[in-house]
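Tertiary structure, described
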Amino acid sequence: TAMRRMHIRGWIFLSNFDYGAYSSGGFMADSKVDGGVGSYTQQQWLSRNDTWDAWQGQVWNMVFVGISNPPAGSWPNPPYTVITNTPLIREKPYLTADNIGNYYVRVPALQTNSLGTTWANGPTPGVSLPISQFYLAHDGVDNAATLNAALNAGKNLIFTPGVYHLTNSLLVTRSNTVVLGLGYATLVPDTGKPAMVISDVDGVNVGGLIFDAGAVKTPTILQVGTTNSALNHVGNPIFLYDICVRVGGAIVGKTDCCLTINANDVVGDNLWLWRADHGAGAGWYDNASNNGIIVNGDRVTIYGLFVEHHEQYQTLWNGNWGRVYFYQSELPYDPPTQATWSHDGVDGYASYKVADHVTSHQTYGIGIYAVFINTTDVSCYNAIETPTNSPQVNIHNMINVYIAGNVSA
């Protein structure tokens with residue numbers, strides 16, 4: 001999950017260090033800690049645009065972007081990746097109210113080369129949209145027809161907590177549309193169509209949603225833009241915040257890909273794209289999913305990309321000028337045989353694949369983990385694959401960790 005816009009008046013601890021409990025990743029942004037942060041057993045973590053008095057702890061991969069007081073030291077000992085300024089961000093829109101009880105959604109302004117929180121010197125810059133411009137969706141009442149009718153009428157959307165089963169895709173076609181989920185509202189595509197398709201338009205903001213794969217296989221669950229797009233959104237990018245896509249775990253589901261980004265100039269801020277390793281419908285053929293994310297657009301930036309257990313490339317990056325700040329990935333637990341999980345004479349699939357034709361790409365702080373606990377005699381030849389002879393394709397501060405599985409190869 002994510003922690004945003006918090007003011008902690010003291011210390012905050014990110015794990016139960018009294019009992020030595022393992023903890024595995026998280027995200028904190030636009031927050032102020034008057035004391036310090038103790039990460040302790042956190043194996044990996046991304047902090048963006050925060051401020052604190054001190055930071056303590058590290059395990060494998062800790063990334064700090066736009067932090068006003070980052071910890072001292074650098075990769076690999078301690079395993080800190082520090083990026084001084086956040087190159088491009090608009091903080092996630094949030095619900096607010098005035099002093100007489102009128103509700104608004106605050107849409108923060110776009111920032112470049114930012115440092116620290118947006119509210120250090122006063123209210124977060126941006127615009128406030130009155131709640132009258134939003135359609136409030138309710139589980140058991142709304143469906144694809146009512147939600148698309150609201151979008152077609154020019155409304156933004158707020159999903160109240162619940163599980164929304166969809167027979168058609170939600171079509172976000174208007175520039176600057178805001179779609180927010182509260183309490184992690186969950187969208188399920190029931191008929192093999194994407195749960196949501198965002199058109200190739202400026203300034204759409206979508207956040208705080210879980211997308212669960214449905215029983216009928218979809219080509220992709222969340223789609224942004226159209227293929228072969230030449231449109232430019234540099235001045236007003238599309239943003240995705242706190243998006244979780246699950247394939248199995250809660251319900252039985254299948255897809256080819258969790259998230260497909262075709263548009264240019266898209267920014268992701270905390271994306272978790274998970275093929276289930278446990279729970280309902282977890283099995284190689286039961287919750288099939290080829291890829292967690294496919295990026296076809298140019299100039300796509302992601303802060304915090306968590307992608308796990310898919311059956312081919314976890315991440316496939318086809319666009320140019322992409323940037324990723326923090327990557328965490330576990331390879332699939334459960335390939336039934338090496339032959340099942342191989343391609344072109346190569347054992348396994350790399351987690352992070354930058355396509356051979358890409359000429360420019362940057363990734364900072366990347367951790368990939370082998371956890372073959374539900375299989376035997378399976379190996380992965382490459383964790384990361386990038387083009388040869390492409391000097392502008394760079395992977396900074398990478399680690400792979402063997403946790404469990406075949407040790408004979």
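Below or above, wherever it landed, is the structure these notes cover.

Cut-offs used in this document
- Every chain's residues receive numbers from 1 upward, in the order its sequence appears when written.
- Side-chain atom pairs in this predicted model are given and counted only at pLDDT of 80 or more, local residue features only at pLDDT of at least 70, and totals for whole chains, interfaces and linings cover all residues.
- Just so you know, side-chain values use all the structure's heavy atoms and leave hydrogens and water out.
- Here a cavity means grid points, on a 1 Å grid over the protein atoms only, where a 1.4 Å probe fits yet cannot get out; a pocket means an open set of points with protein on both sides within 12 Å along at least five of seven lines; lining residues are those with an atom within 4 Å of a point.
- Grid points are joined across faces, edges and corners, and a volume is the space filled by probe spheres set on the points.
- For helices the rule is a DSSP run of H or I covering at least 4 residues; for strands it is a run of E covering at least 2, with both sets numbered from the N terminus onward.
- Polarity classes work like this: nonpolar for Ala, Val, Leu, Ile, Met, Phe, Trp, Tyr, Cys and Pro, charged for Asp, Glu, Lys and Arg, and polar for all others, with Gly in that last group.
- Only buried residues count toward a nonpolar core. Its members are Ala, Val, Leu, Ile, Met, Phe, Trp, Tyr and Cys residues joined through side-chain atoms within 4.5 Å.
- Burial classes: relative accessible area under 20% of the type maximum marks a residue as buried, over 50% as exposed, and values in between as partly exposed (1.4 Å probe, protein chains only).
- Contacts are assigned to residue pairs that have any heavy atoms within 4.5 Å of one another.
- At least two DSSP bridges between two strands are needed for those strands to be called paired.
- Orientation is described by lines fitted to C-alpha atoms, with helices fitted over the stretch in contact, and by angles between N-to-C directions that extend from 0 to 180 degrees.
- Two N or O atoms form a polar contact when they lie within 3.5 Å of each other; inside protein one atom must be a possible hydrogen donor and the other a possible acceptor, and for residues adjacent in sequence the pair counts only when both atoms belong to side chains.

**Digging into the layout of surface pockets**
As a volume, the largest pocket reaches approximately 360 Å³. Lining the largest pocket we find 20 residues, and of these R4, K92, P93, Y94 and D242 sit closest to its centre. Of all the secondary-structure elements, those providing two or more residues to the lining of the largest pocket are β1 (2–4), β11 (94–97) and β19 (178–189). Tallying contributions element by element places β19 first for the lining of the largest pocket, with five residues. For the lining of the largest pocket, the residue count by class is 10 nonpolar, four polar and six charged. By volume, the second largest pocket amounts to about 270 Å³. Looking at the lining of the second largest pocket, the elements that each hand over two or more residues are β23 (238–247), β25 (266–275), β27 (301–308) and β29 (322–330).

**What about the nonpolar core?**
Membership of the largest hydrophobic core comes to 67 residues, with the highest contact counts inside it found for F159, M196, L209 and F211. If you tally residues by element for this core, the top one is β23, at five residues. Those residues within four positions of M196 in sequence are excluded, and the remaining contacts are L170, V172, V179, L187, V206, L209, F211, I221, L222 and Q223. One finds L46, F239, V267 and F306 within the second-largest nonpolar core, a separate group that totals 16 residues.

**Remarks on the sheet that holds strand β6 (residues 44–48)**
Two modes of strand pairing occur in sheets, parallel and antiparallel, and in both the strands are linked by backbone hydrogen bonds. Taken together, the five strands give an open sheet; going across it, the order is β1-β4-β6-β8-β9, and neighbouring strands pair in parallel fashion. Only two strands of the sheet have a single neighbouring strand rather than two, namely β1 and β9 (80–83). Strand-to-strand twist in this sheet, taken as the mean axis angle between neighbours without regard to direction, amounts to 10 degrees. Bridge count for strand β4 (residues 27–29) against β6 is three bridges, and the pairing is parallel. Note on β6: the bridge partner recorded for F27 is L46.

**Here's the deal with empty space enclosed by the protein**
Counting across every chain of the model gives one cavity of 30 Å³ or more. When its volume is computed, the largest cavity comes out at roughly 30 Å³. In terms of lining, the largest cavity is formed by L151, K155, L171, V172, T173, R174 and T177. Across the lining of the largest cavity, the residue classes break down as three nonpolar, two polar and two charged.

**A word on the side chain of K92**
The topology assignment puts K92 in the loop between β10 (86–89) and β11. The class for K92 is buried, based on a relative accessible area of 16%. Here D242 takes part through its side chain, which lies 2.9 Å from a polar atom of the side chain of K92. Residues in contact with K92, not counting those within four places in the same chain, are R4, P108, L180, G207, G208, Y241 and D242.

**So, the environment of I399**
Structurally, I399 can be placed in strand β35 (residues 393–404). The spatial distance from the C-alpha of I399 to the C-alpha of N61 is 7.7 Å, given a sequence separation of 338 residues.

**Some details on the sheet that holds strand β14 (residues 126–130)**
Pairing in this open sheet of three strands is antiparallel, and the strands run β11-β12-β14 from one edge to the other. Edge positions in the open sheet fall to β11 and β14, since each of these has one partner strand only. Along the sheet, successive strands turn relative to each other by an average axial angle of 40 degrees, direction set aside. When strand β12 (residues 103–108) meets β14, the two strands line up antiparallel, connected through five bridges. When the sheet's bridge partners are listed, R106 is paired in β14 with S128.

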